[in-house]
Amino acid sequence: MIESGLTRRAQQLARQGFPFVSATVVRAAAPTSVQPGSAALVHADGKIEGFVGGVCAEHSVRLYALQAIESGEPLLLRILPDGPGGGDPTAPAEIERDQGSVTVRNPCLSGGAIEIFLEPALPPPRVLAVGTSPIVGALAALAPPLGLEVVAVAPDGSEPAVGALALVVAAHGHDEVPVLAAALQAGVPYVGLVASRIRGAAVLEELRAGGVEEKLIAQVETPAGIDIGARSAGEIALSILARIVEVRRSGRAPASLSVAATALDPICGMTVVVAPETPSLEHDGATVYFCCEGCRRAFGERLAAEQAP
C-alpha cells in the first residue's frame with residue numbers, strides 16, 4: 001500500500017497540475033530488495049520519489065513510467081533478470097508486449113522477478129477560452145464531467161498555448177486575430193471561432209492579411225462546433241465540446257510528454273533513460289550511457305585493455 005507521505009505528495013502534484021506516475025510493486029520473487037506494496041512516484045522529468053527496486057530496476061521503471069505518461073494508459077511492467085538473449089548485450093531488452101503489460105529483460109537484477117503497476121496521473125487537457133459571453137460560462141460548466149479544464153485567456157495572444165487541446169474564441173468581434181494566430185502557430189489541435197459565417201469569413205481574411213499561412217487558416221472552424229441546430233448558449237457549448245472530444249479521441253490531441261531519449265548500455269545491454277544523472281563517458285566523439293557506475297567502470301577498463309600495448 002502506498003505510504004501516507006507519498007499519498008500526500010501525489011495529492012499535492014495533482015493539485016499543482018503536474019503529471020506523474022504511481023508505481024506500485026504487486027509481485028516480487030526472491031531474492032529482491034522490494035516487497036509487494038512498495039511504491040514510488042515517477043515525475044515527468046524521470047525523478048523517482050519512493051522505492052520500487054535498486055538502481056537497475058529504477059531504470060526500467062523510469063523508462064516505462066515516462067511512456068505511460070506519454071500514452072496516458074496504465075501499464076503492468078514485468079522485470080526479469082534474464083530471458084531470450086540473456087548474456088548478449090545487443091539482445092533487445094523488451095521480451096514481450098501485450099495489451100496493458102510489457103515484459104523486459106534486466107540483466108543487472110541480482111535475481112528474482114518484479115511486477116510493478118504503473119498508473120499515470122495526468123492533468124486534464126486544457127481548453128483555452130476567450131470572451132465573457134454565456135457560451136464561455138456554459139463551456140466551463142459542461143467541461144469538467146468530460147475530463148476537460150476550461151482556462152480563460154486574454155485575446156491578445158500573449159499567454160502560451162503550447163500543449164493546449166483546444167482554443168475557443170467567443171469574443172463577439174473584439175479583436176480575435178492575435179489569439180487565433182498564436183494558437184495556430186502553437187499547433188493547438190482544435191481552434192474554433194464562435195461567429196456568424198459572415199463574421200467568421202472576415203476574421204479569416206484578417207488572418208491572411210496578417211501573414212498567417214493558408215494551411216493554418218484552414219484549421220479554424222467557424223462557426224465552431226458540430227452542427228446540431230444549437231441556439232442557446234448551453235447548446236452551442238455542447239456542440240463545441242462534442243467537436244473537442246472528437247478531436248481528442250481521434251489521436252490529434254497533443255502528447256502529454258515526448259518519449260524520453262534512451263540509450264543502450266554496452267556492458268549489460270539495458271535500455272536506460274538519458275538524464276543528467278545517468279552515468280556516461282565520452283568515447284570516439286560520442287556520449288556512451290550506462291545503467292550504473294559499475295558498468296561505466298567496466299567499459300573504461302575494457303577500453304584501457306584494448307589500448308594497452
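Refer to the structure printed above.
Criteria and cut-off values
- Residues numbered from 1 in each chain as written.
- Predicted model: local features only at pLDDT ≥ 70, side-chain atom pairs only at ≥ 80, totals over all residues.
- Heavy atoms only, no water.
- Helix = DSSP H or I, 4+ residues; strand = E, 2+ residues; numbered from the N terminus.
- Buried < 20%, exposed > 50% of the residue type's maximum accessible area, 1.4 Å probe, protein only.
- Contact = heavy atoms within 4.5 Å.
- Areas by Shrake-Rupley, 256 points an atom, 1.4 Å probe, with all protein chains shown as cover.
- Lys, Arg positive; Asp, Glu negative; His and termini not counted.
- Charge placed at Lys NZ, Arg CZ, Asp CG, Glu CD.
- Pairing = 2+ DSSP bridges.
- Salt bridge = Lys/Arg side-chain N within 4 Å of Asp/Glu carboxyl O.
- Phe/Tyr/Trp six-rings, centres within 6.5 Å; stacked < 30°, edge-to-face > 60°.

Trainee: Would you take a moment to explain the overall build of the protein for this structure?
Mentor: Along the protein, the regular secondary structure elements total eight helices and 16 strands. Principal-axis analysis of the C-alpha atoms places the extent of the protein at approximately 80 × 50 × 30 Å. Relative to its full complement of 309 residues, the protein shows a buried share of 42%. Contacts in the protein between residues at least 24 apart in sequence constitute 61% of all its contacts with a sequence separation of at least 6. Surface summary for the protein: the accessible area is close to 15,300 Å², and the carbon and sulfur share equals 54%. Taken as two groups, the 22 positive and 33 negative side-chain charges of the protein have centres that lie 4 Å from each other.

Trainee: Explain the sheet that holds strand β12 (residues 220-221) here, please?
Mentor: Whenever strands of a sheet pair, they do so through backbone hydrogen bonds, lying parallel or antiparallel. Judged by pairing direction, the sheet is parallel, and its five strands sit side by side in the order β9-β8-β10-β11-β12 without closing on themselves. In this open sheet, the two edge strands, each paired with only one partner strand, are β9 (149-152) and β12. Pairing of strand β11 (residues 190-193) with β12 involves two bridges; the strand directions are parallel. Among the inter-strand pairings, G192 is bridged to a residue of β12, identified as E221.

Trainee: Help me understand the pattern of salt bridges in this model?
Mentor: Two side chains with opposite charge may pair up if their charged atoms get near one another. This model, assessed by the stated rule, comprises eleven salt bridges. In this structure, E49 and R9 form a salt bridge, with 3.0 Å as the shortest nitrogen-oxygen distance. With E49 in strand β3 (residues 48-50) and R9 in helix α1 (residues 4-16), this pair connects stretches of sequence that are 40 residues apart. Residue class for R9 comes out partly exposed when judged on its relative accessible area of 24%. For K215, the salt bridge goes to E213, with nearest N and O atoms at 4.0 Å. The class for E213 is partly exposed, based on a relative accessible area of 43%. The structure contains a network of salt bridges with shared partners spanning R27, R78 and E115.

Trainee: I tried to follow the packing of aromatic side chains on my own but got confused; where do I start?
Mentor: Aromatic ring pairs are defined here through the distance separating the ring centres and the angle between the ring planes. On inspection of all chains with the given rule, the structure shows one aromatic pair. Arranged with centres 5.3 Å apart and planes meeting at 50 degrees, the rings of F290 and F299 form a pair that is tilted. Judged by its relative accessible area of 0%, F290 is buried. On the basis of relative accessibility, which here comes to 5%, the residue F299 falls in the buried class.

Trainee: Where do I start with helix α4 (residues 177-186) in this structure?
Mentor: Residue pairs three or four apart in sequence face the same way in an α-helix, which turns once every 3.6 residues. Those residues of α4 that sit buried are V177, V179, L180, A181, A183 and L184. Elements in contact with the buried residues of α4: β8 (126-130), β10 (166-169), β11, α5 (197-209), α6 (214-217) and β12.

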